[in-house]
Amino acid sequence: MSTTAGPDALKRGVVATARFGLGARPGEIVEAARDPQGWVLQQLKPQALPAAFASLPSGREATEKYQEIRRAIAQARQLPAQQQGQPSQANQDLRRAIAGGDGLPREIYQREVGARLRVQIESATPVLERLVAFWSNHFTVSVVRPPVLTLAGPFEREAIRPHVLGRFEDMLLAASRHQAMLLYLDNAGSIGPGSRIGQARERGLNENLAREILELHT
């Protein structure tokens, strides 16, 4: 096969890399132009988790770190007023950390964003990365809520990537059950109205997640 491509072939290469990929890297248009359909299809195969994500915390680890910060804030609130310094610097630091200021959650989030951008820029399978981005957007979670700040990255790695080439049903279940989604759509605080704790707190079921599954996800 010729190593050069004519104008029409190059146009098809542009379409393949722009419409199905994430835009062309150097030399990628010519590569795709030789066999645009084949270039797309050969990328639709299961891939190992990109190395850029290796050092990032799992959803479980991120949740444990968030709970650790919450416990530290609760302890700081129990200090006598004179020890808190009205409020103490430690208490302010903890509040800033859990709110995603300069503390650990924000640092983890920035690492997550950097790793994701690096993978998208350097990936040899941009079609697959575009599918990951599409389904992550479909099953979106917002980092505006502090508990979700460090869970958005694990959510994509644990609920979306493993199922992006599989069955929609499996992805739906994984996304709906992931702690990022449970926190984002308030299901973590849903309580059976007839249960003892529900009656004691005068609280009941939260319909947000169920409604989104019906109205948006499916």
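Quick caveat, the model's predicted, so the values are computed rather than measured.

Enquirer: An account of the packing of aromatic side chains is requested, with residue identities and associated values reported.
Expert: Centre distance and the angle of the planes are the two values used to describe a pair of aromatic rings. Summed over all chains, the structure comprises four aromatic pairs. Here Phe134 and Trp135 contribute two aromatic rings whose centre-to-centre distance is 4.9 Å and whose plane-to-plane angle is 85 degrees, an arrangement assigned as edge-to-face.

Enquirer: Tell me about a nonpolar patch on the surface, and name the residues and values.
Expert: A contiguous nonpolar surface patch, about 240 Å² in accessible area, is contributed by Leu41, Leu44 and Leu165. As for its position among the elements, Leu165 is in the loop between α9 (152–160) and α10 (168–177). Here Leu165 falls in the partly exposed class, since its relative accessible area comes to 37%.

Enquirer: I'd like to hear about the confidence of the model for the chain, residue by residue, with values.
Expert: When pLDDT is averaged along the chain, the result is 87; 85% of the residues meet or exceed 70. Confidence, read as mean pLDDT per element, is least for helix α5 (residues 81–84) in the chain (51) and greatest for α10 (98).

Enquirer: Pulling in residues and values, what's your account of empty space enclosed by the protein?
Expert: Using the criterion set out here, one finds one cavity of 30 Å³ or more in the structure. Its volume calculated, the largest cavity comes out at about 40 Å³. Considering the residues around the largest cavity, the lining is formed by Ala62, Lys65, Tyr66, Ile69, Pro105, Ile108, Pro146 and Thr150. Among the secondary structure elements, those contributing two or more residues to the lining of the largest cavity are α4 (59–77) and α7 (104–122). In terms of residues, the lining of the largest cavity owes the most to one element, α4, which gives four residues. Looking at the lining of the largest cavity, its residues break down into six nonpolar, one polar and one charged.

Enquirer: A description of the pattern of salt bridges should follow, citing residues and the corresponding values.
Expert: Per the stated rule, a full pass over the model turns up 11 salt bridges. For Arg25, the salt bridge is made with Glu28, and the minimal N-O distance between the two is 3.7 Å. On the basis of relative accessibility, which here comes to 33%, the residue Arg25 falls in the partly exposed class. With relative accessibility at 4%, the residue Glu28 sits in the buried group. Residue Arg116 is joined to Glu156 by a salt bridge in which the shortest nitrogen-to-oxygen separation is 2.8 Å.

Enquirer: Can you lay out the environment of Gln47 for me, pointing to particular residues and giving the numbers?
Expert: With respect to the helices and strands, Gln47 occurs in the loop between α3 (36–41) and α4. For Gln47, a relative accessible area of 46% translates into the label partly exposed. Measuring from C-alpha to C-alpha, the distance between Gln47 and Pro162 comes to 9.1 Å, with 115 residues separating the pair along the chain. Those residues in contact with Gln47, other than ones at most four positions away along the chain, are Thr125 and Leu128.

Enquirer: Quick rundown of helix α8 (residues 126–138)? Include the residues and the values.
Expert: With 13 residues, α8 extends 18 Å from end C-alpha to end C-alpha; this agrees with the ideal 18 Å at 1.5 Å per step. Those residues of α8 lying buried are Pro126, Val127, Leu128, Glu129, Val132 and Ser136.

Enquirer: Summarise α10; cite the residues concerned and give the values.
Expert: Among the residues of α10, those classed as buried are Met171, Leu172, Ala175 and Ser176. Within α10, the buried residues cover an arc of 125 degrees as seen down the axis, which keeps them to one side. Where α10 is buried, its residues contact α8, α9, α11 (179–184) and α13 (208–217).

Enquirer: Got a sec to walk through the nonpolar core? Specific residues and values, please.
Expert: Counting residues in each nonpolar core, the largest one holds 18 residues, and the members touching the most others are Phe139, Val141, Phe155, Ile160, Ala180 and Met181. Looking at this core, the elements with two or more residues in it are α8, α9, α10 and α11.

The rules behind these values
Residues numbered from 1 in each chain as written. Predicted model: local features only at pLDDT ≥ 70, side-chain atom pairs only at ≥ 80, totals over all residues. Heavy atoms only, no water. Phe/Tyr/Trp six-rings, centres within 6.5 Å; stacked < 30°, edge-to-face > 60°. Patch = residues over 30% accessible without salt bridge, like charges linked within 9 Å, V, L, I, M, F, W, Y side chains within 5 Å. Areas by Shrake-Rupley, 256 points an atom, 1.4 Å probe, with all protein chains shown as cover. Salt bridge = Lys/Arg side-chain N within 4 Å of Asp/Glu carboxyl O. Helix = DSSP H or I, 4+ residues; strand = E, 2+ residues; numbered from the N terminus. Buried < 20%, exposed > 50% of the residue type's maximum accessible area, 1.4 Å probe, protein only. pLDDT = per-residue confidence, 0-100. 1 Å grid on protein atoms, 1.4 Å probe; cavity = no way out; pocket = protein on both sides within 12 Å on 5 of 7 lines; lining within 4 Å. Points joined across faces, edges and corners; volume = space filled by probe spheres on them. Nonpolar A, V, L, I, M, F, W, Y, C, P; charged D, E, K, R; others polar. Contact = heavy atoms within 4.5 Å. Expected span 1.5 Å × (residues − 1). Arc of directions from axis to C-beta. Core = buried A, V, L, I, M, F, W, Y, C linked by side-chain atoms within 4.5 Å.

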